[in-house]
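The chain contents come next:
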Amino acid sequence: MNEELQHKIEAYLQGQMTAQEKSAFETAMDQDADLAQEVQIAREMETYFSDSESTASLPNNEQTAALRSFLRGEEAEEVRKQLAAAKDSYAVDDTKNSKRFWINPIAAVLVVALLGTFAWNYFGSSSNADLYQQYYSDTDLPSLVQRNGGQDKLIKGVELFQEGSYQEALEAFDDYESNTGELDTGVYLYQGVAHGRLQQWEEALSHFDQMIQLGSLDASRGLWLKALTYLQMDQPDQAKPLLDQLINDSGFNANKAKELREELD
Amino acid sequence: MSKVSNHPQIEALVQGDPETYRFLYQELMPKVVAFVMSNSGTAEDGEEIFQDALFQLIARAKVSGVEIRSSFDGYVFTVCRNLWFRELKKSKKEVRNETVIALRSEEEDLEAIVQQQRWDLFEEMLEGISGKCAELLADYFKKMPYSEIVAKYEYASENAAFQRVFKCKKKLTDLIKADPRFKNLYDS
């Protein structure tokens, strides 16, 4: 493949060709299997990196035929039944989980948000994403401090967060911050994660910094979450000094930080 | 066609191993459900996606094999994530009255499987190019303008940036095409 062809593939995939150019290019693809293959790979590469919808066609080969045959056969039906039975036998009643989420909304939302952020950015690097999943656990979450004034707004923010309305959740948190007399600083972690879900990295990091600068007990929790955020951003080098700090200060999850630090080397 | 499943938990899943099932349904499924719920889905959607992901893995294990380079649970989560985003994109195109995602057709299952296999191949081959090349390709495919690529990577010109993208893309394409799995995943 030469550069000129690369320009053409780029223009074709980005919809920058005139109708005439497009038609000519498609005719060329029909006549040139190698070109068609290059375009197919480039198209799938684009879906991989940009998380856009795949429009690449299925290959017409032995494996596709074997998979299609399996999916249409009785064995596939048996597998579906086997999995349905397994779910009935092993899954825990999730209504109990939902109640727990309401008792501890900050904990719940952080579980959801951090998992979400991890997955949203998964394509950055599988190894960093794997490390995130390996090192994240429920025990990392701050306990909910019950307060009176403004608690309803905090809960509202949590609800919006759970619906995936991150921008609105941030507005609710801002509202909570402006109107509450006694701020639950756990909201900083919450806001940091919310901004992360919107891929507003600077804001995400800045909220974790706010928590860190408070110097409270939860400051080092902020440090840990900030380090994990850098993994989500696929910037492990930025996570390293934060983990070093946790290790040196014997801070939150210091042992895990040590293990993770070694993994990053 | 070889049937290689390189992870013992894939084999355990296919065999219906109780401890593997317990781990999957009690430890991992709640995380997947939480993820789906945080991305415009319901708990029921999350459970359905989880079942579909396990079904996909078993189908692949039985027909062509599954090779996992990351952790088993990390991989299952990734498959769930990809399936869910496929559903979200599909649902944007369809007018629905139901909140529960409709059952997929066999052909859609097949498309999801092949796409996952292609992405697995991409991810693995990405390790064969430099980190900077991979980062550059990610920015390029996320439609970062060449002017910004020039600034970020300190290239001399947009043409230099284009040539670098071209080289990185070619290197990745060549690696993908040289892999034995390639012929099963693309028309030749």
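Data block above holds the structure.
These numbers were taken from a predicted model, which means no experiment stands behind them. (Residues numbered from 1 in each chain as written. Chains lettered and ligands numbered in written order. Predicted model: local features only at pLDDT ≥ 70, side-chain atom pairs only at ≥ 80, totals over all residues. Heavy atoms only, no water.)

## Looking at the interface of chain B and chain A
At the junction of the two partners, chain B supplies 78 residues and chain A supplies 67 residues. Buried surface at the junction of chain B and chain A, summed over both partners, amounts to about 7,100 Å²; 60% is from carbon and sulfur atoms. Our enumeration of links across chain B and chain A arrives at 10 salt bridges. Here lysine 62 of chain B and glutamate 75 of chain A are joined by a salt bridge, their closest N and O atoms 2.9 Å apart. Viewed at the interface, chain A and chain B are joined by 21 residue pairs in polar contact (both at pLDDT 80 or more). At the level of elements, α1 (8-15), α2 (18-37), α3 (43-63), α4 (72-93), α5 (106-126), α6 (131-141), α8 (158-178) and α9 (182-185) of chain B are the ones that each hand at least two residues to the side of chain B that touches chain A. The element best represented in the side of chain B that touches chain A is α5 of chain B, accounting for 14 residues. Residue composition of the side of chain B that touches chain A, grouped by class: 38 nonpolar, 18 polar and 22 charged. (Contact = heavy atoms within 4.5 Å. Buried area = accessible area lost by both parts, 1.4 Å probe. Salt bridge = Lys/Arg side-chain N within 4 Å of Asp/Glu carboxyl O. Polar contact = N/O pair within 3.5 Å; in protein donor to acceptor, adjacent residues only side chain to side chain. Helix = DSSP H or I, 4+ residues; strand = E, 2+ residues; numbered from the N terminus. Nonpolar A, V, L, I, M, F, W, Y, C, P; charged D, E, K, R; others polar.)

## What about the packing of helix α11 (residues 186-197) of chain A against helix α12 (residues 201-214) of chain A?
Residue and element names in this part refer to chain A. Closest axis-to-axis distance for the α11/α12 pair is 7 Å, and the angle between their directions is 165 degrees. By the criterion of interaxial angle, the relationship of α11 to α12 is roughly antiparallel. The interaxial crossing formed by α11 with α12 has left-handed handedness. Along the contact surface, α11 presents Gly186, Tyr188, Leu189, Gln191, Gly192, Val193, His195 and Gly196, while α12 presents Trp201, Glu203, Ala204, His207, Phe208, Gln210, Met211 and Leu214. Broken down by class, the residue content of the contact of α11 with α12 amounts to 8 nonpolar, 7 polar and 1 charged. (Axes fitted to C-alpha atoms, helices over the stretch in contact; angles between N-to-C directions. Parallel < 35°, antiparallel > 145°, perpendicular 65-115°, else oblique. Left-handed = near helix turned anticlockwise from the far one by under 90°.)

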